[in-house]
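Coordinate inspection notes
Residue-level listing of the chains:
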Amino acid sequence: MGISVSDGVRVAMLGGTFDPVHLGHLRSAVELVDALGLERVHMIPAHQPPLREAPGVPSHERLTLLQHGIGDTPRLVADDREIRRDGPSYSADTLASLRAEYGESARLVMALGHDAFLKLAGWHQPQRLFELAHLVVIERPDHHQPLPDTLGELIAGREVDDPAALFATPAGGLLRLSLPTRMAISATEVRQRLCYGGSVRYLLPEAVERRIMALGLYRHER
Ligand code: ATP
């Protein structure tokens, strides 16, 4: 696809609650691989999300659902590193561990949806995120709010227009991407449908739906 990798392996993390994983996550991850010429996308369920209430489904089960969702999809991996760590799941710590694994010249990307990006200034050590990785923001339908001032200060001077400019350095840049398939699917909506017995067909991979149904997850729990 004409993207040179001589300047270091390109790897992304897509973290999240994955409560549960849905096709919006998985299709975005696949399109991210194509758009950025990535070697791998680490999909990493948060053990204890620092900024939201504890998910009703435990992290090991959210990881299992993610493994079922990924199946044999090339270049996507279900990564349990936040689950193996105690305490709050700070993305900065996760990126530091990926950086240690892939080395200083790797082009490391933290991918996140626009909704998550809007809250970035409130995350733990937001400046450190840019020391460790590039940020790639994925547009989501129904999430078009303007950026808060604190976020504007954090990202000042970092934005680039294309992957080539981003990957000129190992970390520190920001790229906003409009991937080809934008899906208005959210885990909140999936949970709500499951809670009242509605259909989630074609919102989730079949294997994920089958496991949720078999175990009776998300039924009447919220
Ligand atoms: P919830 O509705 O519970 O907040 P969610 O569907 O936003 O969940 P998360 O696990 O919180 O899912 O999301 C993990 C990451 O994936 C976040 O960066 C989020 O912005 C992104 N993401 C979630 N859904 C989509 C989607 N449909 N398209 C693109 N990115 C998405």
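Note that the structure is predicted; figures quoted are calculated from it, not measured.

Thoughts on the packing of aromatic side chains
Scanning the model with the defined rule gives 0 aromatic pairs in all. For Arg158, the ring lying beneath its charged end belongs to Phe130, and the centroid distance is 4.2 Å.

Focus: the packing of helix 2 (residues 59-70) against helix 9 (residues 206-215)
Working note: a packed helix pair is described by the angle between its axes plus the distance between those axes. Two elements in contact, helix 2 and helix 9, have axes whose closest approach is 8 Å; the angle formed by their N-to-C orientations is 145°. Between helix 2, through Glu61, Thr64, Leu65, His68 and Gly69, and helix 9, the contact on the second element is made entirely by Ala207, Val208, Arg211, Ile212 and Leu215. A class-by-class count of the residues in the contact of helix 2 with helix 9 yields 5 nonpolar, 3 polar and 2 charged.

Structural notes on helix 3 (residues 91-102)
Here helix 3 is 12 residues long and its end C-alpha atoms lie 16 Å apart, about the 16 Å a rise of 1.5 Å per residue gives. Of all the positions in helix 3, only Ser91, Ala92, Thr94, Leu95, Leu98, Arg99 and Tyr102 are classed as buried. Buried residues of helix 3, seen end-on, are gathered within an arc of 160° and therefore sit on one face of the element. Where helix 3 is buried, its residues meet strand 1 (10-16), strand 2 (40-45), strand 4 (107-113) and helix 5 (126-132). At the C-terminal side of helix 3, Gly103 shows a positive phi close to 95°.

Description of the side chain of Arg99
Along the chain, the position of Arg99 falls in helix 3. Although Arg99 lies buried, it forms no salt bridge, and the closest oppositely charged side chain, Glu104, sits 4.9 Å away as judged by the N-O distance. From its side chain, Arg99 meets the backbone oxygen of Pro170 in a polar contact 3.1 Å long.

Concerning the sheet that holds strand 6 (residues 174-177)
Each strand in a sheet pairs with its neighbour through backbone hydrogen bonds, running either in the same direction (parallel) or in the opposite one (antiparallel). A sheet is described by the order of its strands in space; here 6 strands give the open sequence 3-2-1-4-5-6, paired in parallel fashion. Because the sheet does not close on itself, it has two edges, and the strands there are strand 3 (76-78) and strand 6. Within this sheet the neighbouring strands show an average axis-to-axis angle of 25°, counted without direction. Strands in contact with helix 1 (residues 23-36) are strand 1, strand 2, strand 3, strand 4, strand 5 (134-138) and strand 6; relative to strand 2, the strand with the most contacts, it is inclined by about 150°. Sitting on the sheet, helix 3 touches strand 1, strand 2 and strand 4, and the angle it makes with strand 2 is about 145°.

Considerations on the site of the ligand
Arg52, Asp115, Met183, Ala187 and Thr188 are the nearest of the 20 residues found near the ligand. Here an oxygen atom of the ligand and a backbone polar atom of Gly113 are 2.9 Å apart. Contact with the protein chains removes 91% of the 600 Å² of surface that the ligand exposes when unbound. Here the residues of the shell around the ligand are counted per class, giving 6 nonpolar, 10 polar and 4 charged.

Notes on the UniProt feature "domain: Cytidyltransferase-like" (unreviewed entry) in the protein
Within this structure's numbering, the places UniProt gives as "domain: Cytidyltransferase-like" (unreviewed entry) are residues 13-193. Within residues 13-193, the helical portion is 37% and the strand portion 16%, while the C-alpha atoms at the span's ends are 28 Å from each other.

Remarks on the nonpolar core
By size, the foremost hydrophobic cluster in this structure holds 36 residues, and its most contacted members are Leu32, Leu36, Val41 and Met43. If near-sequence neighbours (up to four positions away) are discounted, Val41 is found in contact with Ala12, Leu14, Ala29, Val33, Arg75, Leu76 and Val77. In this structure, Phe117, Leu132, Leu154 and Ile155 belong to the second largest nonpolar core, which totals 24 residues.

Description of unusual backbone geometry
Put simply, Asp19 and Pro20 share a cis peptide bond, and its omega is 0°. Here Pro20 is to be found in the loop between strand 1 and helix 1. Within the chain, Arg75 stands out as a residue other than glycine whose phi angle is a positive 75°. The phi torsion at Gln125 lies on the positive side, around 50°, for a residue other than glycine. Secondary-structure assignment places Gln125 in the loop between helix 4 (114-117) and helix 5.

A look at the pairing of strand 5
Counting buried positions over the 5 residues of strand 5 gives 5, a clear majority of the element. Taking every second residue as pointing to the same face, both faces of strand 5 are buried, with His134, Val136 and Ile138 on one and Leu135 and Val137 on the other. As defined by bridge partners, strand 4 adjoins strand 5 across 5 bridges and the pair is classed as parallel. Among the inter-strand pairings, Gly113 is bridged to a residue of strand 5, identified as Ile138. Relative to strand 6, strand 5 is paired through 4 bridges, and the arrangement is parallel. Across the sheet, residue Leu135 finds its bridge partner in strand 6, namely Leu174.

Each value, and the rule that gives it
Along every chain, residues carry numbers that run from 1 in the direction the sequence is written. Only residues with pLDDT of at least 70 get local features here, since the model is predicted, and only at 80 or more are side-chain atom pairs given and counted; chain-wide, interface and lining totals rely on the full set of residues. Only heavy atoms go into the side-chain values, all of them from the structure, while hydrogens and water stay out. For this analysis, a ring pair means two rings from Phe, Tyr or Trp (six-membered ring only for Trp) whose centres lie within 6.5 Å, classed as stacked if their planes differ by under 30 degrees, edge-to-face if by over 60, and tilted for the remaining angles. Whether a charge sits over a ring depends on NZ of Lys or CZ of Arg being within 6 Å of the ring centre and within 35 degrees of the ring normal. Note on definitions: angles span 0 to 180 degrees between N-to-C directions of axes, and those axes are lines fitted to C-alpha atoms, for helices only across the stretch in contact. Under the DSSP-based scheme used, a helix requires at least four consecutive residues in state H or I and a strand at least two consecutive residues in state E, with every element numbered from the N terminus. We call two residues contacting when some pair of their heavy atoms lies within 4.5 Å. Amino acids are sorted into nonpolar (Ala, Val, Leu, Ile, Met, Phe, Trp, Tyr, Cys and Pro), charged (Asp, Glu, Lys and Arg) and polar (every other residue, Gly among them). The length a helix should cover is 1.5 Å for every residue beyond the first. The buried label goes to any residue with under 20% of its type's maximum accessible area, the exposed label to any with over 50%, and the partly exposed label to all in between, with areas taken from a 1.4 Å probe on protein chains only. Arc, as used here, means the arc of the directions from the helix axis to the C-beta atoms. Residues counted as positive are Lys and Arg, residues counted as negative are Asp and Glu, and His and the chain ends are not counted. Salt bridges are defined by distance alone: a side-chain nitrogen of Lys or Arg within 4 Å of a carboxyl oxygen of Asp or Glu. Each polar contact in these results corresponds to two N or O atoms within 3.5 Å; when the atoms are within protein, one needs to be able to donate a hydrogen and the other to accept it, and residues that are neighboring in sequence are counted only if both atoms are side-chain atoms. Strands pair, by our definition, only if DSSP identifies at least two bridges between them. We call a residue near a given molecule or strand whenever any one of its heavy atoms falls within 4 Å of it. To be clear on the numbers: accessible area is Shrake-Rupley with a 1.4 Å probe, and residue cover counts the displayed protein chains and nothing else. UniProt positions are given in the numbering used here, feature names are shortened, and annotations may be inferred rather than shown by experiment. Within this scheme, the nonpolar core is defined by two criteria: the residues are buried Ala, Val, Leu, Ile, Met, Phe, Trp, Tyr or Cys, and they are joined through side-chain atoms within 4.5 Å.

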